[in-house]
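Secondary and tertiary structure notes
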Amino acid sequence: MAAPRPPRFDAAAEEVARTAAAATDWPALAAAATPCVACPELAATRQHVVVGDPPRHGRARFALVGEAPGATEDDTGRPFVGKSGQLLDLLLAEAGLDRADAAVLNIVKCRPPGNRTPKTPEVARCSGWLRRQLELLDPPVVVALGLSSAKWFLGPRTKLAEARGRPHDVGGRAVWATYHPSAAIRFGPSGAPRAGLLEDLTSVARSLAS
Ligand code: SF4
């Protein structure tokens, strides 16, 4: 997997990776991640560690992986429940996908202040949790929502426009890179990101049905 490896000198990242690897199931991982303070700035400003949602039952058919929680997610402790989440739910339904079949995750589990982009060490530290989540839930398909997520899976030089529209084999999983729903909101209902996100989710639905 192309996810950033923690730098050797980053003891906090090593500790996260070690703790996450010791979790043998989702509840254990969620319990271990909830008090995480590996990123001092995020730990001081967040309301909740937004660990993510496992599928409602059984193995995840696919995973939705965004960048980081926003304000509503930080308030509630749940991923993709604000405006972006509402649009995502709408487009998932239009594409014929059921959120209940998905793991809903983020690269970084704590809200960056002012919704700034997560810093490289924060991504590296939190990657330990995400790697273990993917191991435990083992989704065959991943939808990487937005550029940060696409880069986590496909590498730092990834360009969304080039990566979209086809699955990429990453460690045996089919990774689809597409727009983040917040871009679809920013560019409006007639904007290219919304149409592209729906198109990509529809392709994912087709691939899961075949
Ligand atoms: S962002 Fe991730 S690694 Fe950093 S404090 Fe939150 S849970 Fe821990």
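Residues numbered from 1 in each chain as written. Predicted model: local features only at pLDDT ≥ 70, side-chain atom pairs only at ≥ 80, totals over all residues.

A short note on helix α7 (residues 147-154)
This is how the line gets drawn: Neighbour counting defines burial: a residue surrounded by 20 or more other C-beta atoms within 10 Å of its own C-beta is buried, one with 12 or fewer is exposed, and intermediate counts give partly exposed, using backbone-placed C-beta atoms. Runs of H or I in DSSP of at least four residues are treated as helices and runs of E of at least two as strands, each being numbered from the N terminus. By the convention adopted here, residues make contact when the C-beta atoms placed from their backbones lie within 7 Å.
Across the eight residues of α7, seven count as buried, placing the element largely inside the fold. Within α7, the full set of buried residues consists of S148, S149, A150, K151, W152, F153 and L154. Packing partners of the buried residues in α7 comprise β1 (62-66), β3 (141-145), α8 (160-163), β4 (168-170) and β5 (173-178). A positive phi of about 110° marks G155, the residue just after α7.

Quick notes on the UniProt feature "domain: Uracil-DNA glycosylase-like" (unreviewed entry) in the protein chain
Our working definition: UniProt positions are given in the numbering used here, feature names are shortened, and annotations may be inferred rather than shown by experiment.
Within this structure's numbering, the places UniProt gives as "domain: Uracil-DNA glycosylase-like" (unreviewed entry) are residues 54-202. The straight-line gap between the two end C-alpha atoms of residues 54-202 is 22 Å; of that span, 44% is helix and 16% is strand.

What about the nonpolar core?
For the record, the criterion: Throughout this description, the term nonpolar core refers to a group of buried Ala, Val, Leu, Ile, Met, Phe, Trp, Tyr and Cys residues whose C-beta atoms join them within 7 Å.
One finds A63, V65, V143 and A144 to be the most contacted residues of the largest nonpolar core, which totals 56 residues. No other element matches helix α6 (residues 120-137), which puts six residues into this core. Every residue in contact with V65, bar those within four places of it in the chain, is listed here: L105, N106, I107, V142, V143, A144, L145 and S149.

Observations concerning the sheet that holds β3
Rules: We treat two strands as partners when DSSP finds at least two bridges between them. For helices, the fitted line uses only the C-alpha atoms of the stretch in contact; every axis is such a line through C-alpha atoms, and the angle between N-to-C directions lies from 0 to 180 degrees.
Judged by pairing direction, the sheet is mixed, and its five strands sit side by side in the order β2-β1-β3-β5-β4 without closing on themselves. The sheet terminates laterally at β2 (102-106) and β4, the two strands that pair on one side only. In this sheet, neighbouring strand axes are inclined to one another by 30° on average, regardless of whether the strands run parallel or antiparallel. Examined bridge by bridge, β1 and β3 share four bridges and lie parallel to one another. Of the residues in β3, the one forming a bridge with V65 is A144. Strand contacts of α6: β1 and β2, with the helix running at about 175° to β2, the strand carrying the most contacts. Set on the sheet, α7 makes contact with β1, β3, β4 and β5; between it and β3 the angle comes to about 135°.

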